[in-house]
Amino acid sequence: MLFIVLASAASVQAQKFALVDMEYILKNIPAYERANEQLNQVSKKWQQEVEALTTEAQTQYKNYQNEVVFLSQEQKKAKQDAIVAKEKEAADLKKKYFGPEGELFKKRNALMAPIQDEIYSAIKDVAELRGYQLVLDRASDTGIIFGSPKIDISSEVLRKLGYSN
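Quick summary incoming for the structure in this document.

**Some words on the overall build of the protein chain**
- For the protein chain, the count of helices and strands is 6 helices and 2 strands.
- In sequence order, the secondary structure elements of the protein chain are arranged as α-β-α-α-α-α-β-α.
- Expressed as a percentage of contacts within the protein chain between residues at least 6 apart in sequence, the contacts between residues at least 24 apart total 76%.
- When the accessible surface of the protein chain is summed, it comes to about 11,700 Å², and 55% of that surface belongs to carbon and sulfur atoms.

Structure (structure tokens):
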């Protein structure tokens, strides 16, 4: 029984771990910063389009409230329908751009996936070269309270990607 405990303890100690700081790596990759800026610009442009439609719907509603006493039932119905249509148009546009499968999501994937794949490949190469069985991201909320700088391979990953730090 003692032999089994010692053997399992020895195998645990033989495993090698490393840490990376993805925030640090991404900050030092110019392509990531350019992609992020491009996403921010597109997002602002799309947000302005959505806000313009929303404002237009609000204006139509305010005008309707001011004119409601002078309108016939048919005119009221037509104005209400127009307001609802404009609100729906704004909601649909917002969903199209910012929804879970929206244009921003697709654009983010198109711009970021190649960068992330390149980073993953570099981390994998460094891990295999140095014999790490596990590499954790210290920047994510994984509950890492302390990690020795000796096992942080972020700078090595950046060098592997061709960026000096």
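After that view, the rundown keeps rolling.
**Structural notes on the packing of helix H5 (residues 103-130) against helix H6 (residues 154-161)**
- At their nearest, the axes of H5 and H6 sit 9 Å apart, and the two run at 115° to each other. The two elements H5 and H6 cross, and the hand of that crossing is right-handed. Contacts between H5 and H6 involve Glu118, Ile119, Ala122, Ile123, Asp125, Val126 and Arg130 from the former and Glu156, Val157, Lys160 and Leu161 from the latter.
- Its residues assigned to classes, the contact of H5 with H6 comprises 6 nonpolar, no polar and 5 charged.

**Notes on the nonpolar core**
- Ile25, Ile29, Ile119 and Val157 are the most contacted members of the largest nonpolar core, which totals 29 residues.
- Among the elements that take part in this core, H5 stands out by supplying 8 residues, more than any other.
- Among residues more than four places away in sequence, those in contact with Ile25 are Val20, Ile119, Ser154, Val157, Leu158 and Leu161.

**A closer look at the environment of Leu111**
- In this fold, Leu111 is placed in helix H5.
- Take Leu111: its relative accessible area is 21%, and that puts it in the partly exposed class.
- Sequence separation of Leu111 and Asn36 is 75 residues, and the distance between their C-alpha atoms is 8.5 Å.

**A few points about the packing of helix H3 (residues 30-67) against helix H4 (residues 73-98)**
- The interhelical angle for the contact between H3 and H4, taken along N-to-C directions, is 165°, at an axis separation of 9 Å. Comparing the axis directions of H3 and H4 gives the class roughly antiparallel. Along this stretch, H3 crosses H4, giving a crossing that reads as left-handed.
- Residue composition of the contact of H3 with H4, grouped by class: 12 nonpolar, 5 polar and 9 charged.

**Considerations on H6**
- Along H6, the residues classified as buried are Ser154, Glu156, Val157, Leu158 and Leu161.
- Buried positions along H6 lie against strand E1 (17-20), helix H2 (22-27) and H5.
- A positive phi of about 95° marks Gly162, the residue just after H6.

**Some points on H3**
- Look at H3: 55 Å from first C-alpha to last across 38 residues, which is about the 56 Å you get at 1.5 Å a residue.
- Along H3, the positions that sit buried rather than exposed are Tyr32, Ala35, Leu39, Val42, Trp46, Val50, Leu53, Ala57 and Tyr64.
- Looking at the packing, one finds that the buried side of H3 touches H2, H4 and H5.

**A closer look at the pattern of salt bridges**
- Per the stated rule, a full pass over the model turns up 8 salt bridges.
- Of the charged contacts in the structure, one is a salt bridge between Glu89 and Lys86, with a shortest N-O distance of 3.5 Å. Separated by 3 residues within a single helix, Glu89 and Lys86 lie in helix H4, roughly one turn from each other.
- In this structure Glu89 comes out as partly exposed when scored by relative accessible area, which is 40%.
- The class of Lys86 is buried, set by a relative accessible area of 15%.
- Its salt-bridge partner being Arg130, residue Glu156 comes within 2.2 Å of it at the nearest N-O pair.

Quick notes on the rules
- Residues numbered from 1 in each chain as written.
- Predicted model: local features only at pLDDT ≥ 70, side-chain atom pairs only at ≥ 80, totals over all residues.
- Heavy atoms only, no water.
- Helix = DSSP H or I, 4+ residues; strand = E, 2+ residues; numbered from the N terminus.
- Contact = heavy atoms within 4.5 Å.
- Areas by Shrake-Rupley, 256 points an atom, 1.4 Å probe, with all protein chains shown as cover.
- Axes fitted to C-alpha atoms, helices over the stretch in contact; angles between N-to-C directions.
- Left-handed = near helix turned anticlockwise from the far one by under 90°.
- Nonpolar A, V, L, I, M, F, W, Y, C, P; charged D, E, K, R; others polar.
- Core = buried A, V, L, I, M, F, W, Y, C linked by side-chain atoms within 4.5 Å.
- Buried < 20%, exposed > 50% of the residue type's maximum accessible area, 1.4 Å probe, protein only.
- Parallel < 35°, antiparallel > 145°, perpendicular 65-115°, else oblique.
- Expected span 1.5 Å × (residues − 1).
- Salt bridge = Lys/Arg side-chain N within 4 Å of Asp/Glu carboxyl O.

So far we have only geometry, and geometry alone does not tell us how the molecule works.
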